[in-house]
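So you can see what is in the structure, the chains are spelled out below.
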Amino acid sequence: MQVVATLSLKGGVGKTTVALGLAGAAQQHGVRTLLVDLDPQANATIALDVGQTTATVADVLDEPRRAVLRRAIVPSGWGEGLDVLVGAEQTERHNHPDPSGTQLGRLGRALERILEPDDGDLVGGVSFEPYRLVLIDCPPSLGQLTRGALAAADRALLVTDPTMFAVSGVQRAFDAVHAERQRGNPGLQPLGVLINRVRPRNIEHEYRINELRELFGPLVLNGLLPDRSAIQQAQGACLPIQRWDTPGAREVSAVFTTLLGRVLRSERRVMEPAAPPATR
């Protein structure tokens, strides 16, 4: 199970859009996925058109037990193969600015419960069939929620836009990833920097993209997400961008397909055993 946190420490860059686009690509390609809506705004939960639940991710963080998880995870309205650990405004109560180690480990412990053998006693929600991919949509702040996601993740996808504040936001996000690696998750690695809302032939955007590439090198992903109205239209209809049949939607979908390939390749590197030392 590959766990990817999508984060940005600068609001309004389309972080949730990226999480939803990647989830839609995974569903389209038959990759069973769980999206964890950790943002108290719960926009991903709304866009995924989920049904009513008797628990949310806030309850899971209160009590990371399997029975609570079952009540908080439901199938998405997008169809088979994509489930949601639903978000709620109440999740904000867990966003402490200086959390303890126990608080930081709650999400990771909850996700570990998914990997435990199923006892067949389905209390509600969904049964825990194996997920290949878990996507965590983080809030745009560096409190317990984002740090807890990084503590539980294998990879961090940093989302930004091509504006004058992009560089400082990306640098702070990289610093957060590095800090969590030092604190207790040495396996955490940045998947890369995804630049969103790019407008062609925009001089300011071109300048900021080049600036990001100069500073962060190959970590800046080649696939740029264009600023297309189809994204807002698909979200408004509670549909994945992959099912919105316009040229702009197809252009965006292609970027997410490439991004999914990068995610799955990084999973293979995590799972592959280290090569044995050479013998003479």
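Higher on the page you've got the structure.
Since this is a predicted model, take the numbers as computed values, not measurements. (Residues numbered from 1 in each chain as written. Predicted model: local features only at pLDDT ≥ 70, side-chain atom pairs only at ≥ 80, totals over all residues. Heavy atoms only, no water.)

Asker: I'd like a rundown of the overall build of the chain, residues and numbers included.
Answerer: Looking only at helices and strands, the chain has 11 helices and seven strands in total. By the compact-globule yardstick of 19 Å for 280 residues, the chain fits well, its C-alpha radius of gyration being 18 Å. Taking the principal axes of its C-alpha atoms as reference, the chain extends roughly 60 × 55 × 45 Å. Summarising the internal contacts of the chain: among those between residues at least 6 apart in sequence, 79% fall at separations of at least 24. For the chain, the accessible area works out to roughly 12800 Å², and carbon and sulfur atoms hold 51% of it. (Helix = DSSP H or I, 4+ residues; strand = E, 2+ residues; numbered from the N terminus. Rg over C-alpha atoms; globule rule 2.2 N^0.38 Å. Contact = heavy atoms within 4.5 Å. Areas by Shrake-Rupley, 256 points an atom, 1.4 Å probe, with all protein chains shown as cover.)

Asker: Describe in detail the packing of helix α7 (residues 144-152) against helix α8 (residues 166-183), supporting the description with residues and values.
Answerer: Relative to each other, α7 and α8 sit at 60°, their axes nearing to 9 Å. With respect to each other, α7 and α8 are oriented oblique. As for how α7 packs across α8, the hand of that crossing is right-handed. Between α7 and α8, the residues in contact are R147, L150 and A151 and A176, V177, E180 and R183, respectively. Across the contact of α7 with α8, the residue classes tally to four nonpolar, no polar and three charged. (Axes fitted to C-alpha atoms, helices over the stretch in contact; angles between N-to-C directions. Parallel < 35°, antiparallel > 145°, perpendicular 65-115°, else oblique. Left-handed = near helix turned anticlockwise from the far one by under 90°. Nonpolar A, V, L, I, M, F, W, Y, C, P; charged D, E, K, R; others polar.)

Asker: Can you break down α7 residue by residue, with the values?
Answerer: Of all nine residues in α7, eight are buried; the element is thus mostly enclosed. Taken together, the buried positions of α7 are occupied by Q144, L145, T146, R147, G148, A149, L150 and A152. (Buried < 20%, exposed > 50% of the residue type's maximum accessible area, 1.4 Å probe, protein only.)

Asker: An account of the packing of aromatic side chains is needed here, citing residue identities and associated values.
Answerer: Each pair of aromatic rings is reported with the distance of its centres and the angle of its planes. Inspection of the entire model under this criterion finds one aromatic pair. Consider the rings of F174 and F216, whose centres lie 5.2 Å apart with planes at 25°: the pair is stacked. Of this pair, F174 sits in helix α8 while F216 sits in helix α9 (residues 203-216), and the two are 42 residues apart along the sequence. (Phe/Tyr/Trp six-rings, centres within 6.5 Å; stacked < 30°, edge-to-face > 60°.)

Asker: Lay out unusual backbone geometry in plain terms, naming residues and giving numbers.
Answerer: For R201, which is not glycine, the phi torsion reads 60° and is therefore positive. Its identity as a non-glycine residue notwithstanding, C238 has a phi of 55°, on the positive side. Mapped onto the elements of the fold, C238 is located in the loop between α10 (229-236) and α11 (247-271).

Asker: Please give an account of the sheet that holds strand β6 (residues 155-160) that cites residues and values.
Answerer: The sheet built from seven strands is open, its strands ordered β3-β4-β2-β5-β1-β6-β7 with mixed pairing. Of all the strands in the sheet, the pair left with one neighbour each is β3 (73-75) and β7 (189-195). The average undirected angle you get between the axes of adjacent strands in this sheet is 25°. Sheet analysis places strand β2 (residues 33-37) next to strand β4 (residues 82-85), joined by four bridges and oriented parallel. Of the residues in β4, the one forming a bridge with T33 is L82. Contacts from helix α6 (residues 106-115) reach β1 (2-7), β2, β3 and β5 (133-137) within the one sheet, and its direction differs from that of β2 by about 155°. Sheet contacts for α8: β1, β6 and β7; angle to β6, the most-contacted strand, approximately 165°. (Pairing = 2+ DSSP bridges.)

Asker: Residues and numbers for the pairing of β2, please.
Answerer: Most of β2 sits inside the fold, with five of its five residues counted as buried. By the alternation rule, side chains of β2 split into T33, L35 and D37 and L34 and V36, which are all buried.

Asker: So what about the nonpolar core? Which residues, and what values?
Answerer: Membership of the largest hydrophobic core comes to 46 residues, with the highest contact counts inside it found for V36, L111 and I136. It is α8 that contributes the most residues to this core, seven residues altogether. The contacts of I136, once residues within four sequence positions are left out, are V3, V4, A5, T6, V36, L38, L107, L111 and A149. Grouped together as the second largest cluster of nonpolar side chains are 40 residues, W78, L157, I231 and V263 included. (Core = buried A, V, L, I, M, F, W, Y, C linked by side-chain atoms within 4.5 Å.)

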